[in-house]
Amino acid sequence: MPTLTTGEIAPDFDLTGADGNKYTLREARAGGPVLLVFFKVSCPTCQFTLPFIERLHQQTAAAAGRVLGISQDGEEESRRFAQKFGLSFPLLIDEKPYAVSKQYRLKFVPTLFLIAPDGQIQATCDGFSKPDLTEMQGYLSSRLALPPQPLFRSDERVPQYKPG
């Protein structure tokens, strides 16, 4: 089956974060749109992508934007990954056999899902896609009434796409 896509309803989940707290998608959506980022610590494209997700998190957090990382690795590995890449958004642990990843029918990591407060998937992205991240940033900025800010700096060499 293909990965969940735009227009479908995102399955709810109940996961424990690397911080020990419990998280559900239902509770996260209550505050506004949610960006889910499925990743693996050892994935080079994930390592490249997640610092940009952190920038997006920093731009939207004060206005109730919610970013949740969903790690396919253990708690300790995920905490080290967050520290190494400067991530401050919650990292939830989807342990083997990856029940939540299976619900979302993942094929690759990273995979991103932008979810509206009503649960409908607004956008998806496999791997790193500069246009898709820019679109997701625009959606979040619009819904959260934030002024547009650059996600990518002019001094950075950022490819349009990097497969997962």
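You'll find the structure just up there.
The structure displayed is predicted, hence computed values, not measured ones. Numbers given to residues run from 1 along each chain, matching the order in which its sequence is written. Predicted model: local features are reported for residues with pLDDT of at least 70 only, side-chain atom pairs are reported and counted for 80 or more only, and whole-chain, interface and lining totals are derived from all residues. By convention in this description, side-chain values take in all heavy atoms of the structure and omit both hydrogens and water.

So, the nonpolar core
Residues grouped as a nonpolar core are buried Ala, Val, Leu, Ile, Met, Phe, Trp, Tyr and Cys residues, joined through side-chain atoms within 4.5 Å. Under the scheme applied here, a residue whose accessible area is under 20% of the maximum for its type counts as buried, over 50% as exposed, and between as partly exposed, the area being computed with a 1.4 Å probe on protein chains only. One finds F13, L35, L36, Y104 and F113 to be the most contacted residues of the largest nonpolar core, which totals 52 residues. Put simply, DSSP marks the helices as runs of H or I at least four residues long and the strands as runs of E at least two long, and each gets a number from the N terminus on. Looking at this core, the element that brings in the most residues is strand 3 (residues 34–39), giving 6 residues.

Focus: the sheet that holds strand 6 (residues 111–115)
DSSP calls a pair of strands paired once it identifies at least 2 bridges connecting them. Within the open sheet, the 5 strands sit side by side as 5-4-3-6-7. Their pairing is mixed. Where the open sheet ends on each side, the last strands, each with one partner, are strand 5 (91–93) and strand 7 (121–126). Geometrically, the sheet is characterised by an average inter-axis angle of 20 degrees between neighbouring strands, direction not taken into account. One ladder, built from 5 bridges, connects strand 3 with strand 6; its direction is antiparallel. What sits directly across from V34, in strand 6, is I115. Docked against the sheet, helix 2 (residues 44–60) engages strand 3, strand 4 (66–71) and strand 6, running at close to 160 degrees with respect to strand 3. Here a residue-residue contact requires only that any non-hydrogen atoms of the pair lie within 4.5 Å. Only the stretch in contact is used when a helix axis is fitted, and all axes are lines through C-alpha atoms; the angle between N-to-C directions ranges over 0 to 180 degrees. The strands that helix 5 (residues 130–143) touches are strand 3, strand 6 and strand 7; relative to strand 7, the one it contacts most, it runs at about 155 degrees.

Regarding the pairing of strand 3
Most of strand 3 sits inside the fold, with 6 of its 6 residues counted as buried. Every crossover in which the path from the first strand over the helix to the second runs clockwise, viewed with the strands pointing away from the viewer, is termed right-handed. In this view, the connection linking strand 3 to its parallel neighbour strand 4 by way of helix 2 has right-handed handedness.

Notes on the side chain of D73
Locating D73 in the fold gives a position in the loop between strand 4 and helix 3 (75–85). Two N or O atoms count as a polar contact when they lie within 3.5 Å, although within protein this holds only if one can serve as hydrogen donor and the other as acceptor, and sequence-adjacent residues are included solely when both atoms are side-chain atoms. Only 2.6 Å separates the side chain of D73 from the backbone nitrogen of V41, close enough to count as a polar contact. Among residues more than four places away in sequence, those in contact with D73 are K40, V41, S42, S78 and I93.

The quantities given are spatial measurements derived from coordinates; they are silent on function.
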